[in-house]
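# Chains, contacts and geometry: an overview
Here is how the chains run, residue by residue.
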Amino acid sequence: MTHKFLQFLKPFTVLPALLMLCLIFGFSNQDGKTSSGLSQKVSIEIVRTQDTLLEKNYTEKEIIFHAKTIEYGVRKLAHITEYFFLALLVALPLYTYHVRERKLFVLTLLLCIVCASFDEFHQFFISGRSARVTDVCIDSIGIFIGSAMFTMFSTKLSKFR
């Protein structure tokens, strides 16, 4: 590929991060009942899969009981996962524009934490939802891991050049 073509493509590296933000804000825009319903469905499917794989032969009542016990964890793991991917996708254009090492890590971390904070603030205005500092902290776990992994990988990669 020519240098000019690669330069032309550089601005487009921000698109995956923007799409991920749209996905995150779309989930946050669901009212409390819809959001809880989605978490319940995912939790039930996890328990059903476990039941099938481990041949537990749960009744439907037992499946629902076990699903309720893991639902909170499933919700929080979803937060961590979506922000992990956001961090990777935010780091990509920064790296493309020659932000490296510690600066890459810190800038990715800060940008994503700001996004998580705005997301929580946005939820304050959604029926049945609330804004919680603890959710930003949970989101930050995924942000930290994604930022650290991208930074470590890109640092190792640059040493091979």
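For the structure, check the block above.
Residues numbered from 1 in each chain as written. Predicted model: local features only at pLDDT ≥ 70, side-chain atom pairs only at ≥ 80, totals over all residues. Heavy atoms only, no water.

## Here we look at the overall build of the protein chain
- Assigned secondary structure in the protein chain consists of six helices and zero strands.
- Secondary structure elements of the protein chain, listed N to C terminal, follow the sequence α-α-α-α-α-α.
- The C-alpha atoms of the protein chain give 19 Å as radius of gyration, which overshoots the globular expectation for 161 residues (15 Å, by more than 25%).
- Once the C-alpha set of the protein chain is aligned to its principal axes, its extents read approximately 60 × 40 × 25 Å.
- With 161 residues in all, the protein chain has 37% of them scored as buried.
- Looking at the protein chain alone, contacts between residues at least 24 apart form 72% of all its contacts between residues at least 6 apart.
- Within the structure as shown, the protein chain displays about 10500 Å² of accessible surface, and the carbon and sulfur contribution to it stands at 71%.
- Positive and negative side-chain charges of the protein chain, numbering 18 and 13 respectively, have mean locations separated by a distance of 11 Å. (Helix = DSSP H or I, 4+ residues; strand = E, 2+ residues; numbered from the N terminus. Rg over C-alpha atoms; globule rule 2.2 N^0.38 Å. Buried < 20%, exposed > 50% of the residue type's maximum accessible area, 1.4 Å probe, protein only. Contact = heavy atoms within 4.5 Å. Areas by Shrake-Rupley, 256 points an atom, 1.4 Å probe, with all protein chains shown as cover. Lys, Arg positive; Asp, Glu negative; His and termini not counted. Charge placed at Lys NZ, Arg CZ, Asp CG, Glu CD.)

## What to know about helix H4 (residues 60-96)
- With 37 residues, H4 ought to run about 54 Å at 1.5 Å a step, and its terminal C-alpha atoms sit 50 Å apart, in line with that.
- Roughly 45° is the biggest bend found in H4, and it falls at isoleucine 70.
- A positive phi of about 70° marks histidine 98, the residue just after H4. (Expected span 1.5 Å × (residues − 1). Bend = angle between axes of the 7 residues up to and from the residue.)

## Considerations on the pattern of salt bridges
- Scanning all chains against the criterion turns up three salt bridges.
- A salt bridge links glutamate 45 to arginine 48; the shortest N-O distance between them is 3.5 Å. Here glutamate 45 pairs with arginine 48, and both are found in helix H3 (residues 32-54), just three residues apart, close to one helical turn.
- The exposure class assigned to glutamate 45 is partly exposed, which follows from its relative accessible area of 44%.
- Judged by relative accessible area, arginine 48 falls into the partly exposed class, the value being 30%.
- Close ionic contact of aspartate 135 with lysine 76 constitutes a salt bridge, the shortest N to O distance being 2.7 Å. Of this pair, aspartate 135 sits in helix H6 (residues 133-159) while lysine 76 sits in helix H4, and the two are 59 residues apart along the sequence. No difference in accessibility class separates aspartate 135 from lysine 76, as the two residues are buried.
- Counted as one network, the salt bridges with shared partners bring together Glu45, Arg48 and Glu60. (Salt bridge = Lys/Arg side-chain N within 4 Å of Asp/Glu carboxyl O.)

## Quick word on the side chain of serine 35
- Considering the arrangement of structural elements, one finds serine 35 in helix H3.
- Here serine 35 falls in the buried class, since its relative accessible area comes to 8%.

## Things to note about the packing of aromatic side chains
- What the rule picks out here adds up to seven aromatic pairs.
- Through a chain of ring-to-ring contacts, three or more aromatic side chains come together here, namely Phe5, Phe8 and Phe12. (Phe/Tyr/Trp six-rings, centres within 6.5 Å; stacked < 30°, edge-to-face > 60°.)

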